[in-house]
Protein chains: 2
Amino acid sequence: MTFVIRIDHVAIIVDDIDHALNFWRDALGLEVTHVEDVPDQESVVAFLPTGESEVELVKPTTDDSGISRYLHKRGPGIHHICFQVDDIEAALVKLRDHNVRLINPEPVIGTGGKKIAFVHPESTHGVLIELYELTPLEPEIRLARARELADRVRAQGQVVAANVLSFLRGLRDTGLGEFFDDDVRGDYET
Amino acid sequence: MTFVIRIDHVAIIVDDIDHALNFWRDALGLEVTHVEDVPDQESVVAFLPTGESEVELVKPTTDDSGISRYLHKRGPGIHHICFQVDDIEAALVKLRDHNVRLINPEPVIGTGGKKIAFVHPESTHGVLIELYELTPLEPEIRLARARELADRVRAQGQVVAANVLSFLRGLRDTGLGEFFDDDVRGDYET
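Attention here is on the structure that accompanies the text.

About the thresholds
- Residues numbered from 1 in each chain as written.
- Chains lettered and ligands numbered in written order.
- Predicted model: local features only at pLDDT ≥ 70, side-chain atom pairs only at ≥ 80, totals over all residues.
- Heavy atoms only, no water.
- Helix = DSSP H or I, 4+ residues; strand = E, 2+ residues; numbered from the N terminus.
- Contact = heavy atoms within 4.5 Å.
- Areas by Shrake-Rupley, 256 points an atom, 1.4 Å probe, with all protein chains shown as cover.
- Pairing = 2+ DSSP bridges.
- Axes fitted to C-alpha atoms, helices over the stretch in contact; angles between N-to-C directions.
- Core = buried A, V, L, I, M, F, W, Y, C linked by side-chain atoms within 4.5 Å.
- Buried < 20%, exposed > 50% of the residue type's maximum accessible area, 1.4 Å probe, protein only.
- Least-squares fit on C-alpha atoms with pLDDT ≥ 70 in both.

Glancing now at the overall build of chain A. Along the backbone of chain A there are five helices and eight strands. In sequence order, chain A lays out its α and β elements as β-α-β-β-β-α-β-α-β-β-β-α-α. Pairs at least 24 residues apart make up 52% of the contacts formed inside chain A by residues separated by at least 6 positions. For chain A, the exposed area adds up to about 10400 Å²; of that, 53% sits on carbon and sulfur atoms.

Set out below in structure tokens:
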């Protein structure tokens, strides 16, 4: 038993992220969580969640990728729709059993460690479909990213603490140090 | 303050509903809730919910509608994406303020009494967008439909009951009526 859980995202190819955000964010009112360079897809992607799905604005960053050729041939527009499935291997077996043409006969590891596979539009009535299964790897990769971010924030915090300490020392040197006892100063000694 | 709540549906134009269901239902595994003739959109639509959204397979039923011309010009594929918004009038005002070209400058009443408006792809980077606001009317219309269905089921039930009664009377006439007392027979008297 395999099933589709939800629409994960709808990917829209654009030729200019900022220009596209003028409509999708400023006029339509979607929130942007982040804009990310995705070198292995030769693109920059803006992520705009809505409900349990996302709109992804994709701008090609090279001239010879599939999405770049798509943009030049057909202009901006919806490129593909991605469905989250509970078991991508089982889904691909079932699709093969129904003689559906697959771009990826086996799942490939996509951004964030998720398993993905594309289905050919020839078999789907003109719609390029991405299937996606959340893997145990994906939360781990997200956790690693969060830890990196925490490390950066901590490092920045130490810079701030050093500046505060320098400021306090400056005050002490001006003779105003009497307002600060050792306890307070101790808070900024790293 | 206005905002987009979720993707309501993605509409895919197809030239044959049964053929399309071979992929979308049988191979991909989406459920079909119903297939509906929508005369005012000159189409037949199959509804396949997934998560909080739906895939809608749309087959033109006339030769001169917009979707029919779209099908002949571009072939089957994604036609539009529909977002539910909390306040469609406010959304249209905001879009106009951002010089977005609207196909429907004012909301129109769509299937089921909901308010809808289309945004021109020229302003959205190639994506035909439908906005949709659930109105108090829509649940009422759905309730009316549910009541019609209940009436039909009740009418069918009365046919079944009449058949059962006829069967019981047949049994009684054969002399086997002793197995059925008045209470049981009373259950089938309508």
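After that view of the structure, there is still more to cover.
Before going further, it helps to spend a moment on unusual backbone geometry. Even without a glycine there, the phi angle at N99(A) is positive, about 60°. As for its position among the elements, N99(A) is in the loop between α3 (88-97) and β6 (108-109). Here E42(B), not a glycine, exhibits a phi torsion of approximately 50°, which is positive. By the element assignment, E42(B) lies in the loop between β2 (34-38) and β3 (43-50).

What follows is about the sheet that holds strand β8 (residues 129-133) of chain B. Residues and elements named next belong to chain B. The eight strands lie next to each other as β2-β3-β4-β1-β5-β8-β7-β6, forming an open sheet whose pairing is mixed. Sheet topology places β2 and β6 (108-109) at the edges, where each strand pairs with a single neighbour. As paired strands, strand β7 (residues 115-119) and β8 are joined by five bridges and run antiparallel to one another. Note that in β8 the partner of V119 across the bridge is I129. Lying on the sheet, helix α2 (residues 66-74) is in contact with β1 (4-13), β3, β4 (53-60) and β5 (77-85); it crosses β4 at an angle near 85°.

In terms of nonpolar packing, the biggest core is built from 65 residues, with W24(A), L57(A), L131(A), W24(B), L57(B) and L131(B) touching the most fellow members. Once residues within four sequence positions are removed from consideration, L131(A) is found in contact with F83(A), V85(A), I88(A), A91(A), L92(A), L95(A), K115(A), I116(A), A117(A), V119(A) and L28(B). By size, the runner-up hydrophobic cluster in this structure holds nine residues, among which are I13(A), V38(A), V45(A) and V58(A).

Superposing chain B onto chain A takes a rotation of 180° plus a shift of 0.0 Å along the axis, which leaves an RMSD of 0.1 Å. The symmetry that links the two subunits is that of a two-fold axis. By residue overlap, the copies meet face to face through one surface: 100% of the interface positions of chain B are interface positions in chain A.

By themselves these figures say nothing about function.
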